[in-house]
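Observations on the model geometry
Residue-level listing of the chains:
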Amino acid sequence: MAVVRAPRRLALDRDGIFLLLAATVIIAALTIPAFRDPANFANLFRQAGVLGILAIGQTFVIVAGMIDLSIGMIAGLVVVLSSVLLNGNAVLTLPVVALMILVGAGIGLLNGVLLNTLRLHPLILTFGMLSVLQGAIFSFTDKSVGRTSEPLSILANGDIFGIPWIAILLMGLAVGAHFLFARSRFGYHLVAAGGNPESARRAGINVERIRLAVFVISGATAALAGVLLAGRLGTGYPLAGNGLELDAIVAVVLGGTLLSGGRGSIWRSLAGVLMLAVISNVLNLLGVSAFVQQFIKGVIVIVAILLNQPRGANA
Amino acid sequence: MKLTRRLLLGVAALATASLAVGPAFADQASDAAQTAKAAETVDTTAFKKEGPYKIGVSAGYLANSWVVFALQHVRWEASKHNVSEVVVTDAAFNPAKQVSDIEDLLRQNIDLLIYWPVDDASVADVLKRAVDAGVPTVQAGGGFTDAPGVVSNAYISQWKLGEMVARHLMTDIGGKGKIVAMLPIAGTTAAVDQLDALNTVLKEYPDVQLLSVEYGDWNRAKAKQITENLLQRFPEIDGVYSPAGQMSIGMAEAFDEAGRLGETVFSPGDEYNGWLKWVAAHKQGGAVTFPTRAGQVAVQIGMDILAGKPVTRGIAVPSEYVAPADIGPLTAPDRPDDWWASDLPAEFLPQ
C-alpha cells in the first residue's frame, strides 16, 4: 500500500521506466525526422493498444503475486470467435464484443476457481489453460476464418483528429484501472494480498476472493484486447495470440512491477508497453537489420529491468 | 430479473450461433482460374515515379533459410536498378507485428513494398492502405493473392507444389499404403494449402491411408522428435509426405535411428541443401523446388510498376520436379545443410 502511494521523490526503481522512456523518445525525436512526425506517434499508440490492454490485466495479476500465461490464447480465441460471429456484420458488433468479454471473464473465473480449489501454482495452471485454449482454437480451425466488423476495424486502426481511437480507449481503461488499483479498497487489499498473503489473511482480507477477481479482470481485458486484435488483423487468424502473454509480462516487469507481487502501477506498466513499442518503431525507422533488432531489444529490456527492479526484491 | 434472463438467453443464442456458423473452409481455387486471374493486366500509371527508389521489405519471418536466400535475391536484383535503399522488417511469425511493420515502412516513405506474409488475410487491410497511399505492393514467394491491396505477385503455388509432391509420393508407393504428413506451422498459408493439396490427391487413391498429420514448424529437430513418436505409435508407415526438405531430413534421421528407414518411401522435399545431400546419398525422394528467386522476380515486377509499365497481376515462379538421379548439380556438398540451391553471385550469398 505504501508503495503505491510512495513519496514523490525521484526514485530509479519507481520512476526509471518514465525516465528511460522520456530519454528514448527525446533522443529519437531529435535524431530521426520520421519519428517526430505526429502520424508516427499515432502509429505508435495504435501498435501499443492491444498490448497495453493486456498489460493492464496482467498488472493486477502480478501485483496479486500471481501470473497468467493464458491471456495470449484468450485473446487468440476471441480473435477467431469474434471474426466468425461477426463475419463483417456491423450490427452485431456490440453484442459480440459483450459476449467475448464474458467469455474472457469466464475463462478467468475458471482459472481463479481452479487456482483456489486445486492450489496449483498459477504458472502451471495458466500454462495448462494456454494449452487447452490453443487446442480448442486449432480444433475449430487451422486457418484464418471470418471477418471483423467495420466499427471494430475503425476502433483498432482509425483515429479522430489524428488521435487513434484505440489510444483513447486504452487511456480510458487505464484511468479506470488506476482508480480501482490505487484508490479503492479492492486495490489496497490487492497490494496487501500480493505482498504478504498470510499477513493479509490475518488482517481479515479474503485473499482467495482477490485472486479470483484478478483472474476475472485479466480474462476480460484479454478478451477486449482480442477483439481489438481482430480489428487490427481484419480476420480470425488462429495464431494471433501466440506469445502475447510473454510480451505483456515483459512490459509489466519493465514498468517496475515486482514479479513477487505487492508492488506495481498501471501507468508504469503502460510506460513499459510504450517503451517496447518505441524500441520496435525506432529500430524499424533506423532500418536496423531484423536480426540485430532482436539482440538490441533483449539488451534494452535487461538493462531497463536492472534499473527499475530493486535487486534482491524478487529473490 | 427479467433483464438478466433476457441477457442470458441472448448470450446463449449467440453462443449457439457461434457453434452453428463454424469456420468457412474454402477449397483451393482451380489452377486454371488462378492462372487466368494472374494473367490480367494492371494499369500502373498511378504509381509511376522517378528514382532513386526506396524499397521496403516486410518479411513475415526471417528465421528461415529460404527467406534469407529470397531476401538476398531481392538485394541482388535491387543492385541492378536505381534503388537507393532496401529496408527490411521481420514480423517473426506474428501477423499483428507485420501490420505494424508495414505501417512503419509506410512512414519511411518507401516507394515500393515487397512482402511475404505470415497470413494473407491478416495483412489485407494494411496492404490496401499502402496502395491507397500510392505505394505499390508485390507479394513474393507465397501463393497467388487476389486482393485490392496486392498490385502484383511473384507467386509460388504452395498448393501446386503440394500436389506435385503428393502425386510423386503416390507413384513411388504404388498407390497404396499408410502414410504420415509433416507440414509447417499450423495455420500458415503453406500448411493449409499443402494439406488441402494432399487431401485432394488422396481422393484419387482410396487405398492410401493418411495415418496422421503433424506440424513440424519448419524445424528439423521438432520434425525428428515428432517422427520418433510416430514410429512408436504406428508399426507400419509406408510413405512420408513432407514438402519441406529441412523437416524431411529430421524425419529421415528418426527413421534411420529406429532402424526403419528401409520400410518407408519419402516424398520429394524442396531444394534445402541438407535434404539434397540426403537424396544424393540415398537415391530416393527427389525434390520439388520452391525457388528462392521469387524475391528477384518481385523486384523486377516492382521496377516495372514504378516505371509505369503495365504488369500482370501475377508471375508464376514455377516449382519443378528434380528426380533423385538428377539431384547432383543442385547439391552443394561443401556447403552447410542450411543452404539453398540458387544462382546468387558470390557477393550476395548469405555469409
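Remember, predicted model here, so these are calculated numbers, not experimental data.

About the thresholds
Along each chain, residue indices are assigned from 1 in the same order as the chain's sequence is written. Written order decides the labels, with chains lettered from A and ligands numbered from 1. The predicted origin of the model limits local features to residues at a pLDDT of at least 70 and limits the giving and counting of side-chain atom pairs to 80 or more, whereas totals for whole chains, interfaces and linings rest on all residues. To get the side-chain values, all heavy atoms of the structure are used, and hydrogens and water are removed first. Only DSSP runs of H or I reaching four residues or more are called helices, and only runs of E reaching two or more are called strands; each is numbered from the N terminus. All radius of gyration figures rest on C-alpha atoms, and the globule criterion is 2.2 Å times the number of residues raised to 0.38. To sort residues, take the accessible area from a 1.4 Å probe on protein chains only and compare it with the maximum for the residue type: under 20% means buried, over 50% means exposed, and anything in between is partly exposed. Should any heavy atoms of two residues lie within 4.5 Å, those residues are counted as being in contact. Counted as positive: Lys and Arg. Counted as negative: Asp and Glu. His and the chain ends are not counted at all. A charged residue contributes its charge at one atom only: NZ of Lys, CZ of Arg, CG of Asp or CD of Glu. Using a 1.4 Å probe, the Shrake-Rupley method yields the accessible areas, and only the shown protein chains count as cover for residues. A simple way to read buried area is as the amount of 1.4 Å-probe accessible surface that goes missing from two parts once joined, with both sides added. Whenever Lys or Arg places a side-chain nitrogen within 4 Å of a carboxyl oxygen from Asp or Glu, that contact is recorded as a salt bridge. Three classes are used, and their members are as follows: Ala, Val, Leu, Ile, Met, Phe, Trp, Tyr, Cys and Pro are nonpolar, Asp, Glu, Lys and Arg are charged, and the others, Gly among them, are polar. Definition of nonpolar core: a set of buried residues of the types Ala, Val, Leu, Ile, Met, Phe, Trp, Tyr and Cys, connected through side-chain atoms within 4.5 Å. Each domain's limits were defined by an automated method or a database of domain assignments. Each residue carries a pLDDT value, the predictor's own confidence for that position, ranging from 0 to 100. The rule for pairing is simple: two strands pair if DSSP sees at least two bridges between them. An axis is simply a line fitted to the C-alpha atoms; with a helix, the fit covers only the stretch in contact. Between two such axes, the angle follows the N-to-C directions and lies from 0 to 180 degrees. Orientation is classified from the angle alone, with under 35 degrees giving roughly parallel, over 145 giving roughly antiparallel, 65 to 115 giving roughly perpendicular, and any other angle giving oblique. Two helices that cross are described as forming a left-handed crossing if the nearer one is turned anticlockwise from the farther one by less than a right angle, and a right-handed crossing if clockwise. Like charges are joined within 9 Å and nonpolar side chains (Val, Leu, Ile, Met, Phe, Trp, Tyr) within 5 Å, but only among residues with over 30% relative accessible area and no salt bridge; these make up the patches.

This part covers the overall build of chain B. Each helix and strand counted, chain B has 11 helices and 14 strands in total. In terms of C-alpha radius of gyration, chain B reaches 22 Å, essentially the compact-globule figure of 20 Å for 351 residues. Residues counted as buried form 59% of the 351 residues belonging to chain B. For chain B, long-range pairs separated by at least 24 residues make up 74% of all intrachain contacts whose partners lie at least 6 apart in sequence. Between the averaged position of the 29 positive side-chain charges in chain B and that of its 42 negative side-chain charges there is a distance of 6 Å.

Moving on to the overall build of chain A. When helices and strands are counted, chain A shows 13 helices and two strands. Relative to a compact globule of 315 residues, whose C-alpha radius of gyration would be 20 Å, chain A shows 19 Å and is just as compact. Considering only C-alpha atoms, chain A reaches an extent of 55 × 50 × 35 Å along its principal axes. Taking all 315 residues of chain A together, the buried fraction comes to 56%. Contacts in chain A between residues at least 24 apart in sequence constitute 79% of all its contacts with a sequence separation of at least 6. Just so you have it, chain A exposes about 12,400 Å², and 71% of that area is on carbon and sulfur atoms. Between the mean site of the 20 positive side-chain charges and the mean site of the 11 negative ones, chain A shows a separation of 9 Å.

The interface of chain B with chain A comprises 41 residues on the first partner and 42 residues on the second. Here chain B packs against chain A, burying approximately 3,300 Å² in sum over the two surfaces, 57% of which is carbon and sulfur. Linking chain B with chain A are three salt bridges, by the criterion used here. Close ionic contact of A:R147 with B:D125 constitutes a salt bridge, the shortest N to O distance being 2.8 Å. Those elements giving two or more residues to the side of chain B that touches chain A turn out to be α1 (2-21), β3 (83-90), α4 (95-107), α5 (120-132) and α7 (189-202) of chain B. With nine residues, the single largest contributor to the side of chain B that touches chain A is α4(B). Here the residues of the side of chain B that touches chain A sort into 24 nonpolar, eight polar and nine charged.

Attention now goes to the nonpolar core. Membership of the largest hydrophobic core comes to 206 residues, with the highest contact counts inside it found for A:F35, B:I55, B:I114, B:W116 and B:F266. Broken down by element, the residue count for this core peaks at 13 residues, all from helix α10 (residues 207-233) of chain A. The two domains that each donate at least three residues to this core are domain 1 (34-156 + 291-319) and domain 2 (159-288) of chain B. With sequence-adjacent residues up to four places away left out, A:F35 is seen in contact with A:V25, A:A28, A:A29, A:N40, A:F41, A:L44, A:V278, A:N281, A:V282 and A:L285.

Our focus in this paragraph is the confidence of the model for chain B. Residue and element names in this part refer to chain B. The predicted model of chain B averages 87 in pLDDT, with 91% of residues at 70 or higher. Below pLDDT 50 for its whole length, residues 1-5 participates in zero contacts with residues either more than four positions away or in separate chains. Across residues 7-28 the pLDDT falls below 50, and counting only partners more than four positions away or on other chains, this stretch makes 29 contacts in the model.

This part is about the domain arrangement of chain B. Residue and element names in this part refer to chain B. Entries for chain B in the domain assignment read domain 1 (34-156 + 291-319) and domain 2 (159-288). The gap between the C-alpha centroids of domain 1 and domain 2 is 31 Å. Domain 1 puts 10 residues into the contact, and the matching count from domain 2 is 11 residues. Roughly 720 Å² is buried in total at the junction of domain 1 and domain 2, and carbon and sulfur atoms are behind 52% of that figure. Its largest share of buried area at the contact with domain 2, domain 1 owes to N64, F93 and S319, together 46% of the area lost on that side. Linking domain 1 with domain 2 are zero salt bridges, by the criterion used here. Its residues assigned to classes, the side of domain 1 that touches domain 2 shows four nonpolar, four polar and two charged.

It is worth spelling out the pairing of strand β6 (residues 152-155) of chain B at this point. All names here are of chain B. Residue alternation in β6 divides its side chains into two sets, S152 and A154 and N153 and Y155, and both sets are buried. One ladder, built from three bridges, connects strand β5 (residues 137-140) with β6; its direction is parallel. Within β6, the residue paired with V138 across the bridge is S152. In this structure, β6 lies alongside strand β13 (residues 314-316), joined through three bridges in parallel fashion. Within the sheet, the bridge partner assigned to N153 lies in β13 and is G314.

All names here are of chain B. If you walk across this open sheet you meet the six strands as β3-β2-β4-β5-β6-β13, and the pairing is parallel. Both outer strands of the open sheet, β3 and β13, are each paired with one neighbouring strand and no more. Neighbour-to-neighbour, the strand axes of the sheet open up by a mean angle of 15°, direction not taken into account. Here strand β4 (residues 112-116) runs beside β5; their pairing, made up of three bridges, is parallel. If you follow L113 over to β5, its bridge partner there is T137.

Residue and element names in this part refer to chain B. Sheet architecture is open: four strands sit in the order β8-β7-β9-β10, paired in parallel fashion. What marks the edges here is a single partner per strand, and that holds for β8 (208-215) and β10 (265-266). In this sheet, strand β9 (residues 239-241) lies alongside strand β7 (residues 177-183) in parallel orientation, the contact comprising three bridges. Within the sheet, the bridge partner assigned to I179 lies in β9 and is G239. Each of β7 and β8 is contacted by helix α8 (residues 220-233), which is oriented at about 140° to β8, the strand it contacts most.

Residues and elements named next belong to chain A. It is the contact of helix α3 (residues 71-86) with α10, at a shortest axis distance of 7 Å, that shows an interaxial angle of 50°. If you check the angle between α3 and α10, you find them oblique. In terms of crossing hand, the pair formed by α3 and α10 is right-handed. Only S218, G219, A222, A223, G226, V227, L229 and A230 of α10 make contact with α3, whose side of the interface consists of I71, I74, A75, V78, V79, S82 and S83.

With that out of the way, let us pick up a nonpolar patch on the surface. Residue and element names in this part refer to chain A. On the surface, a nonpolar cluster with roughly 330 Å² of combined accessible area is contributed by I154, I163, W165 and I168. In this fold, W165 is placed in helix α7 (residues 165-182). Overall, W165 belongs to the partly exposed group, its relative accessible area being 33%.

Attention now goes to unusual backbone geometry. All names here are of chain B. A cis amide bond links G51 with the next residue in sequence, P52, at an omega value of 0°. Along the chain, P52 falls in the loop between β1 (41-42) and β2 (53-59). If you check the backbone angles, F93 has positive phi at about 70° while not being a glycine. Secondary-structure assignment places F93 in the loop between β3 and α4. Backbone geometry places K283, a non-glycine residue, at a positive phi of 55°. Following the sequence through the fold, K283 ends up in the loop between α10 (273-282) and β11 (287-288). The exposed category is assigned to K283, whose relative accessible area is 60%.

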